[in-house]
Amino acid sequence: MDKTSILIVEDDPSIRNLMTTTLKAHGYLFLTAGTGEAAILAAASHNPDIVLLDLGLPDIDGMEVIRRIRTWSNMPIIIISARSEDSDKIDALDAGADDYLTKPFSVDELLARIRTTQRRLKLLHQEDAENQPRFVNGDLCIDYAAGSVFLRNQELHLTPIEYKLLCLLSRNIGKVLTHNYITQNIWGSSWESDIASLRVYMATLRKKLESDPDAPAYIQTHIGVGYKMLKVS
Ligand code: CA
């Protein structure tokens, strides 16, 4: 398999060095950019597999970098940000970022995030290749064509909204979906009341899906941000 290529966008030289040293040690190909404009140029000319993007850049905002890249590419973008406010993460995810890492982060966290994204890419490519009408993740199987869901070969009886919610998460496996994104997709709106309903539906879905709803294996909560379906091995 070809080496995964990663574009590192970071203006702080010490963090950039930490990231390049880590990626080099783990056999990744990488290139770096210290500004937003350089990042867009590098993304366009090298077409990397994954972008690691700092949101606070000296020229244009990282958010603008996401929007510009998204006009022509779906390449996975992982935000790396010192801003701990949820609103920044949410804005970046809504603008099309795939995942986020908050500074300060450990090398292990960085590598874990990259591996998750690689698995998602692989899965997406497989799905493209076979155009599968079925989704399989651990003991979970969704037959999109038949509209049915099985857990350990037992059919799960889901309400239409629970089913829509599960399909949305499964089609975006490994990606954090914001409350706003999910409610827009399910109800076409994103009012406070929709977000409250989402919590209720998520709780009922988890009761049916997870063996331990307090320690979910399939759907991860990102408090104040949204939800992500995890790849279960
Ligand atoms: Ca910065």
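About the cut-offs
- Every chain is numbered on its own, with residues counted from 1 as its sequence reads.
- Under the rules for a predicted model, residues below a pLDDT of 70 receive no local features and side-chain atom pairs below 80 are neither given nor counted, while totals for whole chains, interfaces and linings still include all residues.
- The basis for the side-chain values is all heavy atoms of the structure; hydrogens and waters are excluded.
- Only protein chains enter the accessibility calculation, which uses a 1.4 Å probe; a residue is then buried when its area is under 20% of its type maximum, exposed when over 50%, and partly exposed in between.
- Only DSSP runs of H or I reaching four residues or more are called helices, and only runs of E reaching two or more are called strands; each is numbered from the N terminus.
- Viewed with both strands pointing away, a crossover whose connecting path from the first strand over the helix to the second turns clockwise is right-handed.
- When DSSP finds two or more bridges between two strands, those strands count as paired.
- Only nitrogen, oxygen and sulfur atoms qualify as donors, provided they sit within 2.8 Å of the metal or within 3.2 Å for Na, K and Ca; with water excluded from the atoms, sites may seem incomplete.
- Note on method: axes are straight lines fitted to C-alpha atoms, helices fitted across the in-contact stretch only, with angles between N-to-C directions ranging 0 to 180 degrees.
- Contacts between residues were defined by any pair of non-hydrogen atoms, one from each residue, lying within 4.5 Å.
- For the purposes of these results, a polar contact is taken to be a pair of N or O atoms within 3.5 Å, where, inside protein, one atom must be able to donate a hydrogen and its partner to accept one; residues adjacent in sequence count only when each atom of the pair is a side-chain atom.

A.B. asks: Could you clarify how one ought to interpret the pairing of strand β4 (residues 77-81) in this entry?
C.D. replies: With respect to burial, β4 is a largely interior element, five of its five residues being buried. Every second residue of β4 is oriented toward a common face, with I77, I79 and S81 on one face and I78 and I80 on the other, all of them buried. Read from strand β3 (residues 50-54) through helix α3 (residues 62-70) to β4, the crossover connection turns out right-handed. Two elements, β4 and strand β5 (residues 99-102), share four bridges in a ladder whose sense is parallel. Bridge pairing links S81 to T102 in β5.

A.B. asks: Looking at this structure, how should I read the coordination of the calcium ion?
C.D. replies: Six octahedral donors around a metal ideally subtend angles of 90 or 180 degrees, whereas four tetrahedral donors ideally subtend 109.5 degrees. Of the protein atoms, only D11 (OD), D54 (OD) and G56 (O) coordinate the calcium ion, at distances of 2.2 to 2.4 Å. Of note, the calcium ion draws all its donor residues from one chain, in the sequence arrangement D-x42-D-x1-G. Here D11, found in the loop between β1 (5-9) and α1 (13-25), pairs with G56, found in the loop between β3 and α3; they are 45 residues apart in sequence, far enough to count as distant.

A.B. asks: Looking at this model, I keep getting lost on the sheet that holds strand β2 (residues 29-33). Mind explaining?
C.D. replies: The pairing of strands in a sheet happens through backbone hydrogen bonds and is either parallel or antiparallel. Read from one edge of the open sheet, five strands run β2-β1-β3-β4-β5, paired in parallel fashion. The outermost strands of the open sheet, each flanked by one partner alone, are β2 and β5. The sheet shows a mean angle of 20 degrees between the axes of neighbouring strands, direction not considered. Pairing analysis gives five bridges linking β1 to β2, with the strands arranged parallel. Opposite V9, over in β2, you have A33 as the bridge partner. The strands that helix α4 (residues 86-94) touches are β4 and β5; relative to β5, the one it contacts most, it runs at about 155 degrees.

A.B. asks: Where do I start with the environment of Y28 in this structure?
C.D. replies: Topologically, Y28 is positioned in the loop between α1 and β2. Y28 sits in the buried class, given a relative accessible area of 12%. Separated by 62 residues in sequence, Y28 and I90 place their C-alpha atoms 28 Å apart. Excluding anything up to four places from it in sequence, Y28 contacts T4, I6, L23, L111, I114, R115 and Q118. Within the structure, Y28 has its side chain in polar contact with the side chain of Q118 (distance 3.0 Å).

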